[in-house]
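This is what each chain is made of:
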Amino acid sequence: MAQEIERVPSRHRIARAARATVAVAICGSVLAATPAWSQSITDRFKSLFGSSEKDQAPTVSNGPPVESQLTCPSVTVRSGASTYAVGLPGKEASGSDLRYQAVISRTARECNLNTGVITAKIGVQGRIIAGPAGAPTSVDVPLRVAVVQEGVSPKTVFTKAYRTSVSMQPDGSVPFSLVAEDVAYPAPSVSDNDAYVFYVGFDPQALKPEPKARKRK
């Protein structure tokens, strides 16, 4: 079984080699995080945010100890996706027509390395603030998590949309949180590792229903 990531404060760290088989399922659909999830996700979230924000080495499960220079990529809020504002129907989300606005305030991550595959947990915390027009009683927060290899031609290695529902008051301000636990991608080479980034941000497209599959004639 994979162990949790080691808290190592520098880029020089030692991890254990992997021999265990890991089944990795990467799904392109939207994952809904419901309030019934809240107790377990809170415990996981506290654990995740209790870790250091400095570079971390992926834990390698099972097998003899070997050197590993791979690091857990940093989390970056994608430019232009740090806030999410919703206005009255047909109105711009500004001024007296603003119903609510969500902002991202904190991120965290953990990585595990198993037989050439890195699995990661990406945590996002933020707050939803009701606007002058009054927020609805329930708000769906749309988020996207992506793994990108930066460079002259950036390459998206993994991307998935998520959403979490939050209970609101018309004139309130409430926190929200989400932990994406199914991020998985092939372990990069040591030379490519530093170019990898975890991107998070709001993605309104995540709230749109998935297109229905066409029926075969």
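- The chain carries the name Tat pathway signal sequence domain protein in an unreviewed UniProt entry, which gives Rhodopseudomonas palustris as its organism.

**Focus on the overall build of the chain**
- Check the secondary structure of the chain and you find 2 helices and 12 strands.
- If you list the helices and strands of the chain from N to C, you get β-β-α-β-β-β-β-β-β-β-β-β-α-β.
- Burial analysis of the chain (217 residues in total) assigns 40% to the buried set.
- Intrachain contacts of the chain at a sequence separation of at least 6 include 77% that bridge at least 24 residues.
- Carbon and sulfur atoms provide 51% of the accessible area of the chain, an area that totals close to 12,000 Å².

**Considerations on the side chain of D203**
- Positionally, D203 belongs in the segment after β12 (196-202).
- A relative accessible area of 13% places D203 in the buried class.
- Discounting residues that sit within four places of it in the chain, D203 has contacts with P142, L143 and R144.

**So, the nonpolar core**
- I122, I128, F176, V183 and F198 are the most contacted members of the largest nonpolar core, which totals 35 residues.
- Put simply, the parts of the chain that give this core at least two residues each are β7 (98-114), β8 (117-130), β9 (138-149), β10 (155-167), β11 (173-186) and β12.

**Observations regarding the packing of aromatic side chains**
- Using the criterion set out here, one finds 5 aromatic pairs in the structure.
- Here the aromatic rings of Y84 and Y100 are separated by 6.4 Å at their centres, their planes lie at 65°, and the arrangement is edge-to-face. One end of the pair, Y84, is in strand β6 (residues 83-87); the other, Y100, is in strand β7, with 16 residues separating them in the sequence.
- When its relative accessible area of 7% is taken as the criterion, Y100 is described as buried.
- Summarising the aromatic geometry, the rings of Y185 and F198 are spaced 6.2 Å apart at their centres and angled 75° between planes, so their arrangement reads as edge-to-face. With Y185 in strand β11 and F198 in strand β12, this pair connects stretches of sequence that are 13 residues apart.

**Let's talk about the pairing of β12**
- With 7 of its 7 residues buried, β12 lies for the most part within the structure.
- Here β12 shows two buried faces, one formed by Y196, F198, V200 and F202 and the other by V197, Y199 and G201.
- Pairing geometry for strand β5 (residues 75-77) and β12, over 3 bridges, is parallel. Residue pairing for β12: V75 is matched across the bridge by F198.
- Where β9 and β12 come together, 7 bridges link them in antiparallel fashion. Paired with V148 across the bridge in β12 is V197.

**With respect to the pattern of salt bridges**
- Scanning the entire structure with this criterion turns up 3 salt bridges.
- The salt bridge partner of D203 is R144, with a shortest N-O separation of 2.6 Å. Separated by 59 residues along the polypeptide, D203 in the segment after β12 and R144 in strand β9 bring together distant segments of the chain.
- Taking the shortest distance from any N to any O, the salt bridge between K160 and D182 comes out at 2.4 Å. Separated by 22 residues along the polypeptide, K160 in strand β10 and D182 in strand β11 bring together distant segments of the chain.
- Owing to a relative accessible area of 5%, K160 belongs among the buried residues under this scheme.
- Given a relative accessible area of 22%, D182 falls into the partly exposed group.

**Regarding the confidence of the model for the chain**
- Per-chain confidence: the chain averages 75 in pLDDT, with 65% of residues scoring 70 or above.
- The secondary-structure element of the chain with the lowest mean pLDDT is strand β1 (residues 14-16), recorded at 34, while β12 shows the highest, at 96.
- For the stretch residues 1-42, pLDDT sits under 50, and the model shows 111 contacts to residues farther than four places along the chain or on other chains.
- Long-range and interchain partners of residues 61-67, a stretch whose pLDDT sits below 50, account for 28 contacts in this model, where long-range means more than four residues apart.

Cut-offs used in this document
- Residues numbered from 1 in each chain as written.
- Predicted model: local features only at pLDDT ≥ 70, side-chain atom pairs only at ≥ 80, totals over all residues.
- Heavy atoms only, no water.
- Helix = DSSP H or I, 4+ residues; strand = E, 2+ residues; numbered from the N terminus.
- Buried < 20%, exposed > 50% of the residue type's maximum accessible area, 1.4 Å probe, protein only.
- Contact = heavy atoms within 4.5 Å.
- Areas by Shrake-Rupley, 256 points an atom, 1.4 Å probe, with all protein chains shown as cover.
- Core = buried A, V, L, I, M, F, W, Y, C linked by side-chain atoms within 4.5 Å.
- Phe/Tyr/Trp six-rings, centres within 6.5 Å; stacked < 30°, edge-to-face > 60°.
- Pairing = 2+ DSSP bridges.
- Salt bridge = Lys/Arg side-chain N within 4 Å of Asp/Glu carboxyl O.
- pLDDT = per-residue confidence, 0-100.

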